[in-house]
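Observations on the model geometry
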Amino acid sequence: MSILIISKQKNTKLLVNALRKKIRNTPIYVYPEDTPKEIVEYVLCWKAEKDILQNFPNLKAIQSLGAGVEHIFDTQNISQKIPVARIVDPQLSEDMWEFLLAITLNHIKNLPLYHSQQVKQEWQQHAYKTIKSTTVSILGLGKIGSFVAGNFGALGFPTQGWSTSKKEIKFVKSYFGESGLIKMLQNTDVLINLLPLTNSTKGILNKKNLIQLKKGAFLINVGRGAHLLEKDLLKLLDAGYLSAAALDVFNQEPLPPDHPFWKHPKIRITPHNASLTNIETALEQIVENYHRMKKNQPLLNQVSHKKGY
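What counts as what
Residues numbered from 1 in each chain as written. Predicted model: local features only at pLDDT ≥ 70, side-chain atom pairs only at ≥ 80, totals over all residues. Heavy atoms only, no water. pLDDT = per-residue confidence, 0-100. Helix = DSSP H or I, 4+ residues; strand = E, 2+ residues; numbered from the N terminus. Phe/Tyr/Trp six-rings, centres within 6.5 Å; stacked < 30°, edge-to-face > 60°. Buried < 20%, exposed > 50% of the residue type's maximum accessible area, 1.4 Å probe, protein only.

1. Quick notes on the confidence of the model for the protein
Atom-level detail of predicted coordinates should not be read off regions where pLDDT is low. Within the protein, residue pLDDT values average 95, and 100% of them lie at 70 or more. Mean pLDDT per element in the protein: helix 1 (residues 13–22) is the minimum at 91, and strand 9 (residues 190–193) is the maximum at 99.

2. Considering the packing of aromatic side chains
Aromatic rings in a pair are described by how distant their centres are and how their planes are angled relative to each other. In this structure the tally under the stated criterion is four aromatic pairs. Relative to phenylalanine 157, the ring of phenylalanine 152 has its centre 5.2 Å away and its plane inclined at 80°; by these criteria the two rings are edge-to-face. Exposure class is identical for phenylalanine 152 and phenylalanine 157. Each is buried. Taken together, a centroid distance of 6.4 Å and an interplanar angle of 55° make the contact between phenylalanine 250 and phenylalanine 261 tilted. A residue pair is termed long-range when its members are at least 10 positions apart, and phenylalanine 250 in the loop between strand 11 (242–247) and strand 12 (267–269) and phenylalanine 261 in the loop between strand 11 and strand 12 qualify at eleven residues. Residue classification places phenylalanine 250 among the buried residues on the basis of a relative accessible area of 8%. Each member of the aromatic cluster is reached from another via a ring pair, and the members are Trp97, Phe152 and Phe157.

Take a look at the structure:
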């Protein structure tokens, strides 16, 4: 039996050292080092090469190294008998909330505009919005989305949320279904995407939907890059229909140097760091799931193969 870590973007050195202290007498390999394929039973995975997991005939469990699992289901052909788990870190919700609050307040108080004026030594005042006059809508009311929506509502923002089924969240008006999505968008000043990436949500941030927003609305995407149709966003920004967009996730990461988003005056870019997995929290879940796998028990934070989350 062995553990294999396959990760394109995450630094695995700290994780390997910590795992070796917690799980003794079990070989731990890091791809692409030479690994006896037949002894690999537990894989820790983040954005692995396409179909690479098919090389391990005795694989028993897959642990994502982050909150998302679409990078596994989109690139690997795995049996539904092999459980897949994700990392759930309570601090991720808090970090995401703080990030989104900062981005939202930054926008409604015109701080990016004043920064650009400072560079040009321009002194000009602009009208601003208040918390009570800014309707915030959240796409996706899972654990993080519900936490974020509830906090926006408790702070005084008129807050709405959309999901596959109706939710009961204090201070939040819940919408669901296609008709509910349109109703919510039509009364939105700030749209925040926190959806999981599935076949049904891919490309949901498209012209057809975004054109339903109030003119001058602000888009924040912290879901996944594939939720957004980039050309549609650029057209709506250039036409003045959307006032701006803050993007933390992209179809290709790192964002290529020649990508038009870099120099667009209405786009604000952050390098996929709205909320980052804590190594200590992740380690606890990884180790626990290793022991659960050995006992043929359900994994912590196990996801549905059918739903993709």
